[in-house]
Amino acid sequence: MFIDQQMAQKIVDRAMKITGVNVNVMDHRGVIIGSGDPQRIDKLHEGALHVLSSQSEVDIARDQEGRLSGVRGGVNLPIRSSGDIIGVVGITGEPEEVRRYADLVVMTAELIVEQAALTAEVQWDSRQRESVLLRLIEGGPSDSLFDERLARLQLDMSLPRVVVVLELVQASGGADLPLAHLQQLQQQLQQPAAASADTLLAITTARQIVMLVPVVLGGADATTGSASNQRWDSALLRRQLDVRFRPLQQHGTVQYRACVGDYFAGADGLARSYRTALKTLDVTRTQVPPGSLSFATGFALDLLLFDAAQGWAGQHLLQEYDSFLAQDKNGTLQKTLETYLAENMDLARTSARLHIHRNTLRYRLDKIGAALKLDLGSVDQLLQLFVTLRLYSLTQAGRSKAGAAR
């Protein structure tokens, strides 16, 4: 490990508060990189070179200052880390007067170095964990290098996990959060006592944190007995996530929505779980309020239709409905249709809610059927209408997301 200028100046500032005299910090080359006297920065300190070569304290009396380049009277001592000398700290003054500070200044310097090393190790560990998470949700084959990284991080990938996608925006206006704020929220999400050490978290976009959370399996599917269809305890996970998300509920300036993908066994299981969580985020955008926790398993039909909307049949149904909306200039027919379906196709309740005569309602329903080329008295065609309306609602959610991104 080496001492950089930022760390060196931190040592200087802390030591000068203790001693009240000038302090210099030299790097492993003997160059001054931190000092109470800015004019001495970047100058070679020959006394430090002697410390580095002898690996011991070197004192310079005031009357010896001119004999060595860049040196003033004082005490110069090695800074060690893990047994190695990584720099030198110099205390300016008459050696007999400033030596009483020597042990305290060296201890201060080495504590700062140790803290910096620990911080760097934690940051490295965090970056490696994020790298592992991104690799897992992207999918693809494993290799020996990736396996070694898992071993170094001591991550047990045999644990069953699901992916949670957390979308965080500013409560006012829905804009992206500053990166520093997003990182602060990430740290808070890692702190609850109930949080598992085997949970991985990473910031993946300007408004998204992804979590890989261990789950408890509840046995194989009773019908197929397939290990790939194992059931898992979603109720337990909901309770755990409610605890984990409490800090988010205390931020009045932050709005969040969380979606949990389904569990899939196998090497690509986490990538599949991530995709289902992302799709659930899309299909619930206009259905659930902020601060909600949604599970993909609770929106299976919408997820099925969301995929179908991209195919030929889905596009055909949407085009037919767009044509109907274009004919309905003032939106009367659309409102009538939505009310009719909301009232479970009860003519009396629909008429009362719309404040129209039953015959007027029948007339409008006939116009709707004609415009959509559907017989509303047919169960099959009525089902097609329900599917069309659901597809339209889901695609509107997607358009809203695209508009917000712009």
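Note that the structure is predicted; figures quoted are calculated from it, not measured. (Residues numbered from 1 in each chain as written. Predicted model: local features only at pLDDT ≥ 70, side-chain atom pairs only at ≥ 80, totals over all residues. Heavy atoms only, no water.)

(A) View of the overall build of the chain. Along the chain, the regular secondary structure elements total 15 helices and 10 strands. C-alpha atoms of the chain, sized along the principal axes, occupy 115 × 50 × 35 Å. In the chain, which comprises 406 residues, the share counted as buried stands at 42%. Summarising the internal contacts of the chain: among those between residues at least 6 apart in sequence, 57% fall at separations of at least 24. Only carbon and sulfur atoms are counted for the fraction: they give 50% of the accessible area of the chain, which is about 21,500 Å². Side-chain charges of the chain comprise 42 positive and 45 negative groups, with the mean position of each set lying 9 Å from the other. (Helix = DSSP H or I, 4+ residues; strand = E, 2+ residues; numbered from the N terminus. Buried < 20%, exposed > 50% of the residue type's maximum accessible area, 1.4 Å probe, protein only. Contact = heavy atoms within 4.5 Å. Areas by Shrake-Rupley, 256 points an atom, 1.4 Å probe, with all protein chains shown as cover. Lys, Arg positive; Asp, Glu negative; His and termini not counted. Charge placed at Lys NZ, Arg CZ, Asp CG, Glu CD.)

(B) Expanded view of empty space enclosed by the protein. A complete count under the given rule lists one cavity of 30 Å³ or more for this structure. Of the pockets and cavities examined, the largest cavity occupies roughly 50 Å³. The wall of the largest cavity is formed by Asn24, Arg40, His45, Arg72, Gly73, Gly74, Val75, Asn76, Gly90, Ile91 and Thr92. Classifying every residue of the lining of the largest cavity gives two nonpolar, seven polar and two charged. (1 Å grid on protein atoms, 1.4 Å probe; cavity = no way out; pocket = protein on both sides within 12 Å on 5 of 7 lines; lining within 4 Å. Points joined across faces, edges and corners; volume = space filled by probe spheres on them. Nonpolar A, V, L, I, M, F, W, Y, C, P; charged D, E, K, R; others polar.)

(C) View of the side chain of glutamine 208. Looking at the element boundaries, glutamine 208 is found in strand 8 (residues 208–214). A distance of 2.8 Å separates a polar atom in the side chain of glutamine 208 from a polar atom in the side chain of threonine 204. For glutamine 208, the side chain forms a polar contact with the side chain of tyrosine 274, separated by 3.4 Å. (Polar contact = N/O pair within 3.5 Å; in protein donor to acceptor, adjacent residues only side chain to side chain.)

(D) Structural context of the packing of aromatic side chains. Counted according to the given criterion, the structure contains four aromatic pairs. With a centroid separation of 5.5 Å and an interplanar angle of 40°, the aromatic rings of tyrosine 321 and phenylalanine 324 are classed as tilted. Linking tyrosine 321 with phenylalanine 324, this pair stays in helix 11 (residues 312–327), spanning three residues, or about one helical turn. One aromatic cluster is present, built from ring pairs that chain together Tyr321, Phe324 and Tyr392. (Phe/Tyr/Trp six-rings, centres within 6.5 Å; stacked < 30°, edge-to-face > 60°.)

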